[in-house]
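Structure assessment
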Amino acid sequence: MKIFCVIGNPIEHSVSPLMHNAAYKAFGINANYTKILLEDSGKLRETLLKFEGANVTVPHKESAFSACDEILGIAKNIEAVNTIVKKNDKLIGFNTDAAGFFEAIKEFGKIENALILGAGGAAKAIAFILRQNGIEPAILNRSAERLEFFKQKGFKSFSWEYFAPEKYDIVINTTSAGLKDNALPAPEKILNQTLKNARFGFDAVYNKKTPFLKLCDEFGLKCKDGLDMLLYQAVFAFNIFFDNAYDETKIAQIMRKSLLNI
Ligand SMILES: NC(=O)c1ccc[n+]([C@@H]2O[C@H](COP(=O)([O-])OP(=O)(O)OC[C@H]3O[C@@H](n4cnc5c(N)ncnc54)[C@H](OP(=O)(O)O)[C@@H]3O)[C@@H](O)[C@H]2O)c1
């Protein structure tokens, strides 16, 4: 039996086992997907080597990038990895959060410009997949420190006090504001300025109407939370684990069904 896992801290809340195990069952694959709580990221590589493949979540995505023997695709730009597969005792790293996000916003249609709120791991993945698809996003973050990465990569980056807003088709919240509290991801004045000219709102937080999404509603924007991003990062990870042997639409259907009661 092949054993896969998701590694993070905390990890109890993760719905990845639900999605992957549902797909194993539906396709008749002899495999199991489990959760691993890891506190010390120094132990990440030895932990990863125990599994056929793994997903990695907060706070280990950057450490996973360093723990791999080889990095493929957009993860090289993002410098963070959420999917690892073991091949001949070598760890190969990928980032499927990026493609997961892009799949999730496909239903919005053509987007020409974007504003990303936040400058952490999710923001990096979203910034590079937008760039790869011809959309050059601006980044707005509470503090200046984390913007350094984006500045070095040539993205327009602002902290709140120096923000010079333009017109954005989509405003994307990648901060954890609103996840466990009622906070907005940026001062209301800034949000009002940008949302009044936008068409779409997206929040990486899933299964919750965050204060950000409520505000987007007030401006009449078409909105999505992060559930589809979560779903499609799992679909793409699954196909990496199994060498693209399964149909993506079918995997997505099975995994979506597994999330109905979370
Ligand atoms: N749906 C999905 O598939 C998916 C995938 C990945 C992540 N996510 C979600 O995305 C969120 C961010 O994840 P991450 O890995 O990017 O986290 P992270 O690396 O820790 O970054 C968090 C970011 O949020 C900002 N922030 C935190 N609290 C804030 C507040 N009260 N007001 C304004 N800004 C605040 C931080 O700003 P400072 O730099 O100023 O501290 C930082 O830029 C989480 O809620 C996570 O669950 C969802």
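Residues numbered from 1 in each chain as written. Predicted model: local features only at pLDDT ≥ 70, side-chain atom pairs only at ≥ 80, totals over all residues. Heavy atoms only, no water.

1. Looking at the environment of Leu-49
Mapping Leu-49 onto the fold places it in the loop between α2 (44-48) and β3 (53-56). By relative accessible area, which is 30% here, Leu-49 ends up partly exposed. (Helix = DSSP H or I, 4+ residues; strand = E, 2+ residues; numbered from the N terminus. Buried < 20%, exposed > 50% of the residue type's maximum accessible area, 1.4 Å probe, protein only.)

2. Quick look at the site of the ligand
Around the ligand, 23 residues are found, and the nearest of them are Ala-119, Ala-122, Asn-141, Arg-142 and Ser-143. Between an oxygen atom of the ligand and a main-chain N or O atom of Ala-119, the distance comes to 2.9 Å. Take Ala-204: an N or O atom from its main chain is 2.9 Å from a nitrogen atom of the ligand. In isolation the ligand exposes 920 Å². Once the protein is present, 81% of that is buried. Shared between two domains, the shell around the ligand holds at least three residues of each, these being domain 1 (2-94 + 227-258) and domain 2 (99-224). (Near = heavy atom within 4 Å. Polar contact = N/O pair within 3.5 Å; in protein donor to acceptor, adjacent residues only side chain to side chain. Areas by Shrake-Rupley, 256 points an atom, 1.4 Å probe, with all protein chains shown as cover. Domains from an automatic or database assignment.)

3. Examining the pattern of salt bridges
A pair can form between side chains of opposite charge whenever their charged atoms are brought close. Tallied over the entire structure, the rule returns 15 salt bridges. Close ionic contact of Lys-156 with Glu-166 constitutes a salt bridge, the shortest N to O distance being 2.6 Å. On the criterion of sequence distance, the pair formed by Lys-156 in strand β9 (residues 156-159) and Glu-166 in the loop between β9 and β10 (170-173) is long-range, its members being ten residues apart. On the accessibility criterion, Lys-156 (46% relative accessible area) is partly exposed. One salt-bridge network, held together by shared partners, links Glu-107, Lys-224, Asp-228 and Arg-256. (Salt bridge = Lys/Arg side-chain N within 4 Å of Asp/Glu carboxyl O.)

4. So, the packing of helix α5 (residues 96-105) against helix α6 (residues 121-132)
One way to put it is that α5 packs onto α6 with a least axis distance of 8 Å and a crossing angle of 65°. Crossing handedness for the pair α5 and α6: right-handed. Along the contact surface, α5 presents Asp-97, Ala-98, Ala-99, Phe-101, Phe-102 and Ile-105, while α6 presents Ala-125, Ile-126, Ile-129 and Leu-130. When the residues that make up the contact of α5 with α6 are grouped by side-chain class, the tally is nine nonpolar, no polar and one charged. (Axes fitted to C-alpha atoms, helices over the stretch in contact; angles between N-to-C directions. Left-handed = near helix turned anticlockwise from the far one by under 90°. Contact = heavy atoms within 4.5 Å. Nonpolar A, V, L, I, M, F, W, Y, C, P; charged D, E, K, R; others polar.)

5. Describing the side chain of Asn-95
With respect to the helices and strands, Asn-95 occurs in the loop between β6 (90-94) and α5. Within polar-contact distance, the side chain of Asn-95 engages the backbone nitrogen of Asp-97 at 2.9 Å. Non-local contacts of Asn-95, meaning those with residues more than four positions away in its chain, are made with Ile-74, Ala-75, Ile-78, Ala-80, Val-81, Asn-82 and Ala-125.

6. Overview of the environment of Leu-72
Looking at the element boundaries, Leu-72 is found in the loop between β4 (70-71) and α4 (75-78). Leu-72 gets classed as partly exposed once you look at its relative accessible area, which sits at 32%.

7. Notes on the side chain of Ser-157
Topologically, Ser-157 is positioned in strand β9. Among the polar contacts made by the side chain of Ser-157, one reaches the main-chain carbonyl oxygen of Phe-155 at a distance of 3.0 Å. In contact with Ser-157, other than residues within four places in its own chain, are Ile-139, Leu-147, Phe-150 and Lys-151.

8. Some points on the domain arrangement of the protein
The accessible area lost on association of the parts is a frequent measure of interface size. Domain assignment breaks the protein into domain 1 (2-94 + 227-258) and domain 2 (99-224). Relative placement of domain 1 and domain 2: their C-alpha centres are 25 Å apart. Taken together, the contact between domain 1 and domain 2 spans 14 residues of the former and 19 residues of the latter. For the pairing of domain 1 and domain 2, the buried interface totals around 1,400 Å² over both sides, and the portion due to carbon and sulfur atoms is 70%. Looking at the side of domain 1 facing domain 2, the largest losses of area belong to Ile-74, Ile-78 and Met-229, adding up to 40% of the total buried there. Here domain 1 and domain 2 share three salt bridges between them. In this structure, the salt-bridge partner of Asp-228 is Lys-224, at a minimum N-O distance of 2.6 Å. Here domain 1 and domain 2 share two residue pairs in polar contact (both at pLDDT 80 or more) between them. Those elements that place two or more of their residues in the side of domain 1 that touches domain 2 are α4 and α10 (227-241). Here the side of domain 1 that touches domain 2 takes seven residues from α10, the largest share from any one element. Residues belonging to the side of domain 1 that touches domain 2 are distributed by class as follows: eight nonpolar, three polar and three charged. (Buried area = accessible area lost by both parts, 1.4 Å probe.)

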